[in-house]
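Single-letter residue listing:
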Amino acid sequence: MRVVGVVAEYNPLHNGHIYHLEEAKRRTGAAYCIVVMSGNFVQRGEPACTDKFTRAEWALQAGADLVIELPSVFANASAEKFAEGAVSLLAETGVVTDLAFGCELSDLDALYQLANILSNETPAFKQTLALHLKQGKSYPRARYDALFELGLNPNLLHELIKPNNILAIEYLRCLSLIAPSIEPCPIQRVQNAYNETSLTGDISSATAIRAAFRDNDPNVMEALPLFVSGALRFDSQFPITIDDISPMLLYKLRHMSADEVYELPDVSEGLEQVFLRAAASCFDAESFFSAVKSKRYTLARCKRIGMSALLGITDRLAYEMRNTENHYMRILGLRRSARSLLSAIVSISNVPIIMRNSDVLNCSPIAQESLKIDAFSTDILAYALKKELHRDRQSAITL
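Report on the accompanying structure. Because the structure is predicted, anything quoted here is derived from the model rather than measured. (Residues numbered from 1 in each chain as written. Predicted model: local features only at pLDDT ≥ 70, side-chain atom pairs only at ≥ 80, totals over all residues. Heavy atoms only, no water.)

### Some details on the overall build of the protein chain
- A count of helices and strands for the protein chain gives 19 helices and ten strands.
- In terms of overall size, the protein chain behaves like a compact globule, its C-alpha atoms giving a radius of gyration of 20 Å where 399 residues would be expected to give roughly 21 Å.
- Within the protein chain, buried positions represent 57% of all 399 residues.
- Pairs at least 24 residues apart make up 72% of the contacts formed inside the protein chain by residues separated by at least 6 positions.
- Surface summary for the protein chain: the accessible area is close to 17,300 Å², and the carbon and sulfur share equals 50%.
- Charge-centre separation for the protein chain: the mean point of 40 positive side chains lies 1 Å from the mean point of 46 negative side chains. (Helix = DSSP H or I, 4+ residues; strand = E, 2+ residues; numbered from the N terminus. Rg over C-alpha atoms; globule rule 2.2 N^0.38 Å. Buried < 20%, exposed > 50% of the residue type's maximum accessible area, 1.4 Å probe, protein only. Contact = heavy atoms within 4.5 Å. Areas by Shrake-Rupley, 256 points an atom, 1.4 Å probe, with all protein chains shown as cover. Lys, Arg positive; Asp, Glu negative; His and termini not counted. Charge placed at Lys NZ, Arg CZ, Asp CG, Glu CD.)

Spelled out as structure tokens, the structure:
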């Protein structure tokens, strides 16, 4: 039996995601599809457009059979750690045979070539990279310039800067290290680019869709299935934006010491002082992140640091959670027709499976610490929405 895994955020789920799920099953011949989905906060360093339970239900309606939460520690992290956490979870199910991922480049050999280049850093590359970093460049920019200087094929280099290709390369690297038996299945994006800011008909990027909702553009409905568009268009609490948590974010930062900020993931070289000065003078998230981002520190990196501060994710916890002994599998949603799939995972997997709150007792102390952060993320959204949300439901959503 083939089971295809998909890593997603569904922020929000749109027609392009449905195409991806359908193609993933068709190309792999999979009987089931397991989605590892970010929880309440996503990789771009913002709250998701809705709570994780709503988005898990969307995933099931779109064709997923089982939805597993990607812990906040991994969901709010760089592409490398995001991919590592997701691929580890898929491998730990013991049943996943294929990993389907979206990318701009469908040439698997070319993706592997890029993955090999980045996995086997030569002394010349390390030295050149260090020189560019010393010039105050961000890591992605310094890496690009170093590879260009060392003569990487321009066509390959161009592909390296595309967001979905970056994640695809990280998935391949993780598969080779963690789960070499899982087959990669690249699915090329259709009709639009990841960062496309304008709607492009019935298949549009999530970036364009979020912008359209901000601008109250009615044409956005065309890009979404009805079960998503109805929730986002007519439920006043959605979509959730970073503005909804601005007061909490700035309050948290203003009550942190320099040492506490320094202990957050990805903080280095005095950035903690920059954060504290900006928090003391800014009154909303937009002005705060405009003040802290720079040529060296990208906006996405700064946002992830901010969300780590709000959630309480420390560099120590992020490091400890990379140890497989601290992994867990929280089930967010399940199709009734896939109960046998879940039963197979329960019988095979060595990772604690969280179906109800009492299952947390089977987890390591570090995992329990991470699970508290996952639950706290729900509290944050509940406060922002002024609505009670289930503080990590007693059971998974079923369809």
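Moving on, there is more to tell.
### Observations concerning the pattern of salt bridges
- Within the structure shown, the criterion is met by 15 salt bridges.
- The partner of Arg44 in a salt bridge is Glu46, and the shortest N-O contact between them spans 2.8 Å.
- Given the relative accessible area of 28%, Arg44 is considered partly exposed.
- For Glu46, a relative accessible area of 13% translates into the label buried.
- Salt-bridge contacts for Lys162 lead to Glu159; the nearest nitrogen and oxygen are separated by 3.4 Å.
- By sharing partners, the salt bridges in this structure join Glu23, Arg26 and Arg27 into a single network. (Salt bridge = Lys/Arg side-chain N within 4 Å of Asp/Glu carboxyl O.)

### Topic: unusual backbone geometry
- Note that the residue after Asn11, namely Pro12, is joined by a cis bond; omega there is 0°.
- Omega for the bond connecting Phe238 with Pro239 falls within 30 degrees of zero, at -5°, which places this linkage in the cis form.
- Within the secondary structure, Pro239 is located in the loop between helix H11 (226-234) and helix H12 (246-254).
- If you check the backbone angles, Tyr10 has positive phi at about 50° while not being a glycine.
- Given the relative accessible area of 2%, Tyr10 is considered buried.
- One non-glycine residue, Asp266, adopts positive backbone phi at about 70°.

### Some remarks on the packing of aromatic side chains
- In the structure shown here, the tally under the stated rule is three aromatic pairs.
- Ring geometry for Phe101 against Tyr171: centres 5.7 Å apart, planes inclined by 45°, an arrangement best described as tilted. Pair noted here: Phe101 is in strand S6 (residues 98-103) and Tyr171 is in helix H9 (residues 163-178), with a separation of 70 residues, a long-range link. The residues Phe101 and Tyr171 share a single accessibility class, namely buried.
- Arranged with centres 5.3 Å apart and planes meeting at 85°, the rings of Phe275 and Phe288 form a pair that is edge-to-face. Within this pair, whereas Phe275 is found in helix H14 (residues 271-281), its partner Phe288 is found in helix H15 (residues 285-292), the two being separated by 13 residues in sequence.
- By relative accessible area, Phe288 is classed as buried at 0%.
- Feature note: the residues Phe275, Phe288 and Phe289 constitute an aromatic cluster, connected by ring pairs. (Phe/Tyr/Trp six-rings, centres within 6.5 Å; stacked < 30°, edge-to-face > 60°.)

### Some details on helix H19 (residues 365-385)
- Along its 21 residues, H19 runs 31 Å from first to last C-alpha, staying within 8% of the 30 Å computed at 1.5 Å per residue.
- In the stretch just after H19, Lys386 is the one whose phi turns positive, near 55°. (Expected span 1.5 Å × (residues − 1).)

### Quick look at the packing of helix H6 (residues 123-134) against helix H7 (residues 139-149)
- Remark: H6 packs on H7, axes separated minimally by 8 Å, with the N-to-C direction vectors making an angle of 130°. Compared by their axis directions, H6 and H7 come out oblique. Here H6 runs over H7; the crossing is right-handed. Contacts from Phe125, Thr128, Leu129, His132 and Leu133 of H6 reach H7 at Tyr139, Ala142, Arg143, Asp145, Ala146, Leu147 and Glu149.
- Looking at the contact of H6 with H7, its residues break down into seven nonpolar, two polar and three charged. (Axes fitted to C-alpha atoms, helices over the stretch in contact; angles between N-to-C directions. Parallel < 35°, antiparallel > 145°, perpendicular 65-115°, else oblique. Left-handed = near helix turned anticlockwise from the far one by under 90°. Nonpolar A, V, L, I, M, F, W, Y, C, P; charged D, E, K, R; others polar.)

### Thoughts on the packing of H12 against helix H16 (residues 299-311)
- Between H12 and H16, the shortest axis-to-axis distance is 9 Å and the interhelical angle comes to 80°. Taken together, the axes of H12 and H16 are roughly perpendicular relative to one another. Of the residues in H16, those in contact with Met248, Leu249, Lys252 and Leu253 of H12 are Gly306, Met307, Ala309 and Leu310.

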